[in-house]
Amino acid sequence: TITHAPAPVRTTCAYCGVGCGVVATADGKGGATIAGDAAHPANQGRLCVKGAALGETLATGHRLLHPTIHGVRTTWNRALDAVTKGFRDTIERHGPDAVALYLSGQLLTEDYYVANKLMKGFIGSANVDTNSRLCMASTVAGHRRAFGADIVPGCYEDLDEADLVVLTGSNTAWCHPVLWQRIEQARTRRGTRVVVIDPRRTVTADSADLHLAVAPGMDAVLFARLLVEIAEGGAVDTNYVTRHTDGFEAALANAREIAPSRADAAARCALTEQALAAFLDWWIETPRVVTCFSQGINQSAQGTDKVNAILNVHLAAGRIGRPGCGPFSLTGQPNAMGGREVGGLANQLAAHMGFSPDEVDRVGRFWQAPGMAGKEGRKAVSMFEAIERGEIRALWVLCTNPAASLPRADAMRSALRQLDFLAVSEVSAHVDGLAEAATVVLPSAAWGEKNGTVTNSERRISRQRPFLAPPGEAQPDWWQICEVARRLGHGQAFDFASPAAIFREHAALSAFENDGARLFDIGGLADLTDQAYDALEPVQWPLPSGRDAGTQRLFADGGFAHADGCARLVPLAPPALSAPPTAEHPLLLNTGRVRDHWHTMTRTGLSPRLAQHRNAPFVEVHPADAERFGLEDGAFAAVSTRQGQVELRVVVTDSQQPGSIFAPIHWTDANAARARVGSLVHARTDPVSGQPDSKTVPASIRPW
Ligand code: SF4
């Protein structure tokens, strides 16, 4: 039972992957005051407006309070029995691959761990995937190709200590605001230069020393040209490349094919040669360079190649793992990293292991699992296509809404209704298109009530601690999963008394038969007492047994996770759009976020202050396109793609390139009429990562 805690509680922000520490002081009336945690290394007391407004989002009037079956209130016992029966019947009739779990980067690591253990070890299918597939999967795949494991080499201090910060595919000022504050401080303190590579002229781009408004989809051309110029300019770290990498010559030959000259690269990227030259020269002449990348790189049908194009240049120049330099993935969600650590993606097992026979055997022995999945499961888009085809018949969705956020969201809404059985674990009673399709709805505990850990973009594990009691009968997700596992006959393996017990097992598995080759090792936390877990200070993994401090940086002296210890430079496919514009759909739709909202606004929508920044859905259009399509600023337009249509208010702005339009993802049928942008997005995915392209969707626009 979680009890009300009147004293200040140190926890972690509910939103982005910066993972800021928050001090929450409950007011005894269901609310709390919120302050930045000065002792948390990620933010050192800073908060952005979303974090600062967390206290305004704690009302419970919108919450699910009781379990329901077919919309009728029931007991937890009956609801959990119904979930168990729905899964058991489907497995008996159609086999384990006919059931699936769909999770979220908002879940805590402990929730994620038991969900993966249940599916991959005890149900015997790896059909467990997560909305992180829509967020960072290309980074995971790029890291694994280059480093042999999904590892961010650096830390936030690198942003403080860099002389050049390159932000590509990232509106950092809006989407990772506290990191942007750190970068701004470095600019003031040491004159750090900032380059932004983004087709849009965002607030971040406006503030940069150099903005490269790259043509949509052409980012890899830029980094291929950089690799060529690193080689031709004598900036290759020959010692590093020789001792710690493999594939340099092949990657360089490939880069020369992609970007044979500055003029060619500038033309393909729609940049002036002068602007391109400034970027190339600054990067090459600045040893302390951090290249940050986020959704503009990931959410692409060539996202993995784009990630590797960035990793290639840092490996070639040996600018990795040392203070002030390295490639840096800015994670979107608060616990996408923690989910990745426990195997939250369908193509990974727990503790960063894959599906090689050795790894399946090792995890199976550790779990004493009766039915280990022997192969990768279906990635998110493929999972829902299997639902459409009737191959997956029972689904449990926790903490996310695929009917709003997956590509082809209208089709996904229909697919959910085709299932024989759908369970939904949710916080909010007003989740568009999901609860209506569910057989069983389970009320989950929310931020401020949950207890566990998250991992931020710099590999730092932090505690989320409760300071409020859950309303009604809401329960933590980990408890719900363990109760279903127990009913399925696996009680012994899921006999966890607390999140601390789950975390200890997770940490022990990371160290199990690990001779150091698997870099994800937090064995040093495997023996935490409940009290020590509760008091755990933010710490960066790896933290193997016998060490008393985490690891700030990796790879300065090699030590990659490939069997030979070397990193790989990776040749790229020719950069191209996943689907070029057509006569019917002559524009490219780019989707993204605004500063003060998060996902589908189930939390940020509760704060009037946050709603002031952008209070209604919109589409940004360049003046030339506004004229071309007869659009007026402030009027409504119908935006159409092959997948669907929405109606949005037009914002005419030269922050867009001609030929491109931008619409934010936050509004759904629950908070605005006909504005669900997910319904426009196509299901073209990266062949390696399975991540869908939601940045360059052919679209048309007309007055409405
Ligand atoms: Fe929360 Fe991210 Fe803002 Fe930090 S930067 S307060 S983690 S939303």
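Since the structure is predicted, the reported quantities are computational estimates derived from the model, not experimental observations.

## A word on the overall build of the protein chain
Consideration 1: A tally of helices and strands in the protein chain yields 25 helices and 26 strands.
Consideration 2: Rg of the C-alpha trace for the protein chain: 24 Å, near the compact-globule value of 27 Å for 704 residues, within the 12% margin.
Consideration 3: C-alpha atoms of the protein chain, sized along the principal axes, occupy 70 × 65 × 50 Å.
Consideration 4: Burial analysis of the protein chain (704 residues in total) assigns 62% to the buried set.

## A closer look at the sheet that holds strand S19 (residues 539-540)
Pairing between the strands of a sheet is mediated by backbone hydrogen bonds and can be parallel or antiparallel.
Consideration 1: With antiparallel pairing, the three strands of this open sheet are ordered in space as S17-S18-S19. Strands at the two margins of the open sheet, each flanked by one partner only, are strand S17 (452-455) and S19.
Consideration 2: Two elements, S17 and strand S18 (residues 460-464), share four bridges in a ladder whose sense is antiparallel. Its bridge partner being in S18, Val454 is matched across the sheet by Ser462.

## Quick notes on the environment of Ala437
Consideration 1: When you line up the elements, Ala437 lands in the loop between strand S15 (421-426) and strand S16 (440-443).
Consideration 2: Along the chain, Ala437 and Arg459 lie 22 residues apart, while their C-alpha atoms are 37 Å from each other.
Consideration 3: Among all residues touching Ala437, those that are not within four sequence positions of it are Leu416, Arg417 and Leu422.

## A short note on the site of the ligand
Consideration 1: Near the ligand you find 14 residues, and of these Cys13, Cys16, Cys20, Cys48 and Gly51 are the closest.
Consideration 2: For the shell around the ligand, the secondary structure elements donating two or more residues are helix H1 (49-52) and helix H7 (177-190).
Consideration 3: Counted by class, the shell around the ligand contains nine nonpolar, four polar and one charged residues.
Consideration 4: Looking at which domains feed residues into the shell around the ligand, each of domain 1 (1-131 + 345-450 + 462-496) and domain 2 (137-330) supplies at least three.

## A few points about helix H15 (residues 303-316)
Consideration 1: In this model H15 runs 20 Å from its N-terminal to its C-terminal C-alpha over 14 residues, within 8% of the 20 Å that 1.5 Å per residue would give.
Consideration 2: Counting buried residues in H15 gives 14 out of 14 residues, a clear majority hidden from the surface.
Consideration 3: Residue Gly318 follows H15 closely and has a positive phi angle near 65 degrees.

## Some remarks on the domain arrangement of the protein chain
Consideration 1: Segmenting the protein chain into domains produces domain 1 (1-131 + 345-450 + 462-496), domain 2 (137-330) and domain 3 (587-703).
Consideration 2: Put simply, the middle of domain 1 and the middle of domain 3, counted by C-alpha atoms, are 28 Å apart.
Consideration 3: Contributions of two or more residues to the side of domain 1 that touches domain 3 are made by H1, helix H18 (380-388), helix H19 (402-405) and helix H20 (409-418).
Consideration 4: Ranked by residue count, the leading element in the side of domain 1 that touches domain 3 is H18, at three residues.

## What to know about the nonpolar core
Consideration 1: By size, the foremost hydrophobic cluster in this structure holds 209 residues, and its most contacted members are Val165, Ala224, Leu227, Cys269 and Leu395.
Consideration 2: A total of nine residues in this core trace back to one element, the largest contributor, which is helix H9 (residues 219-232).
Consideration 3: Residue contacts for Val165: discarding those within four places in its chain leaves Leu159, Ile183, Thr192, Val194, Val290 and Cys292.
Consideration 4: Counting 25 residues, the second-largest nonpolar core is a separate cluster that includes Leu589, Val621, Val646 and Val677.

## With respect to unusual backbone geometry
Both trends apply: most residues other than glycine have a negative phi, and most peptide bonds are in trans.
Consideration 1: Residue Pro542 is bonded to the preceding Trp541 through a cis peptide linkage, with omega at 5 degrees.
Consideration 2: Summarising the element assignment, Pro542 is placed in the loop between S19 and strand S20 (567-568).
Consideration 3: Here Ala270, not a glycine, exhibits a phi torsion of approximately 60 degrees, which is positive.
Consideration 4: Take Ala270: it is sitting in the loop between helix H12 (262-269) and helix H13 (273-285).
Consideration 5: A count of 15 C-beta atoms within 10 Å places Ala270 in the partly exposed class.
Consideration 6: The backbone phi angle of His599 is positive, close to 45 degrees, even though this residue is not glycine.
Consideration 7: Tracing the backbone shows His599 in the loop between strand S21 (587-592) and helix H24 (608-611).

## A short note on the environment of Lys375
Consideration 1: Tracing the backbone shows Lys375 in the loop between helix H17 (357-367) and H18.
Consideration 2: The spacing of Lys375 and Val360 is 15 residues in sequence and 8.7 Å in space, taken between C-alpha atoms.
Consideration 3: If we skip the residues at most four places from it in the chain, Lys375 touches Ala126 and Phe355.

## Considerations on the sheet that holds strand S6 (residues 99-103)
Consideration 1: The seven strands lie next to each other as S5-S4-S16-S15-S14-S6-S7, forming an open sheet whose pairing is mixed. Edge positions in the sheet fall to strand S5 (72-73) and strand S7 (128-130), since each has one partner strand and no second.
Consideration 2: Pairing between strand S14 (residues 394-398) and S15: five bridges, direction parallel. Counted as the bridge partner of Trp396 is Ala423 from S15.

## Details of helix H11 (residues 248-258)
Consideration 1: Here H11 has its buried residues at Phe248, Ala251, Leu252, Asn254, Ala255 and Ile258. Projected onto a plane normal to the axis of H11, the buried residues spread over an arc of 165 degrees and lie on a single side. What points out from H11, more than 90 degrees from its buried face, is the exposed set Glu249, Ala253 and Glu257.
Consideration 2: Close packing links the buried residues of H11 with H9, helix H10 (238-244), strand S11 (245-246) and H15.

## Quick notes on the packing of helix H3 (residues 109-123) against helix H21 (residues 477-490)
What describes two packed helices is the angle between their axes and the distance between those same axes.
Consideration 1: Between H3 and H21, whose axes approach to 8 Å, the crossing angle comes to 20 degrees. Classified by the angle their axes make, H3 and H21 are roughly parallel. The way H3 lies across H21 gives a crossing that is left-handed. Contacts from Glu110, Asp111, Val114, Ala115, Leu118 and Phe122 in H3 reach Asp477, Trp478, Ile481, Cys482, Ala485 and His490 in H21.
Consideration 2: Each residue belonging to the contact of H3 with H21 can be placed in one class, and the counts come to eight nonpolar, one polar and three charged.

## A closer look at the packing of H9 against H15
Consideration 1: Orientation of H9 relative to H15, taken along the N-to-C sense of each, is 20 degrees, at an axis distance of 9 Å. As judged from the angle between their axes, H9 and H15 are roughly parallel. Remark: the crossing between H9 and H15 carries left-handed chirality. Residues Asp219, Ala220, Phe223, Ala224, Leu226, Leu227 and Ile230 of H9 form the contact with H15, whose own contacting residues are Asp305, Lys306, Ala309, Ile310, Asn312, Val313 and Ala316.

## Concerning the pairing of S6
Consideration 1: Among the five residues of S6, five are classified as buried, and the element is accordingly described as predominantly covered.
Consideration 2: Neither face of S6 is exposed, since Val99, Leu101 and Leu103 on one face and Ala100 and Tyr102 on the opposite face are all buried.
Consideration 3: Relative to S14, S6 is paired through four bridges, and the arrangement is parallel. Within S14, the residue paired with Ala100 across the bridge is Leu395.

## Description of the confidence of the model for the protein chain
Consideration 1: Summary statistics for the protein chain give a mean pLDDT of 96 and a share of 99% for residues scoring 70 or more.
Consideration 2: Interface confidence for the predicted complex, expressed as ipTM, amounts to 1.00; the pTM equals 0.97.

## Notes on the pairing of strand S24 (residues 645-652)
Consideration 1: Relative to S24, strand S22 (residues 618-621) runs parallel, the two being bridged by four bridges. When the bridges of S24 are listed, Glu620 appears paired with Val651.
Consideration 2: Judged from the five bridges that link them, strand S23 (residues 636-640) and S24 form a sheet pairing that is antiparallel. Bridge pairing in S24 links Ala637 to Leu648.
Consideration 3: Hairpin connection from S23 to S24: four residues lie between these consecutive antiparallel strands.

Cut-offs used in this document
Sequence order sets the numbering: in each chain, residues are counted from 1 along the sequence as written. For this predicted model, a pLDDT threshold of at least 70 governs which residues receive local features, and a threshold of 80 or more governs which side-chain atom pairs are given and counted, while totals over whole chains, interfaces and linings are taken from all residues. Only DSSP runs of H or I covering at least 4 residues are called helices, and only runs of E covering at least 2 are called strands; the numbering of each starts at the N terminus. For this measure, only C-alpha atoms enter the radius of gyration; the expected value for a globule follows 2.2 Å times N^0.38, where N is the number of residues. Whether a residue is buried, exposed or partly exposed follows from its count of other C-beta atoms within 10 Å of its own C-beta, namely 20 or more, 12 or fewer, or something in between, respectively; the C-beta atoms are built from the backbone. Strand pairing is defined by DSSP finding a minimum of two bridges between the two strands. Once C-beta atoms have been placed from the backbone, residue pairs whose C-beta atoms lie within 7 Å are recorded as contacts. Whether a residue is near a molecule or strand depends on its C-beta atom, placed from the backbone, lying within 6 Å of it. All residues other than Ala, Val, Leu, Ile, Met, Phe, Trp, Tyr, Cys, Pro, Asp, Glu, Lys and Arg, Gly among them, are scored as polar; the first ten of these are nonpolar and the last four charged. Those domain boundaries reflect an automatic or database domain assignment. In this scheme, a helix's expected span is set at 1.5 Å multiplied by one less than its residue total. For this entry, the nonpolar core is defined as buried Ala, Val, Leu, Ile, Met, Phe, Trp, Tyr and Cys residues connected by C-beta atoms within 7 Å. It is the directions from the helix axis to the C-beta atoms whose arc is reported. As a rule, the C-alpha atoms of each element are fitted with a line to give its axis, helices using only the stretch in contact, and angles between N-to-C directions run from 0 to 180 degrees. Orientation is classified from the angle alone, with under 35 degrees giving roughly parallel, over 145 giving roughly antiparallel, 65 to 115 giving roughly perpendicular, and any other angle giving oblique. With the far helix as reference, a near helix turned anticlockwise by less than a right angle produces a left-handed crossing, and one turned clockwise produces a right-handed crossing. Along the chain, pLDDT gives the predictor's confidence residue by residue, from 0 to 100.

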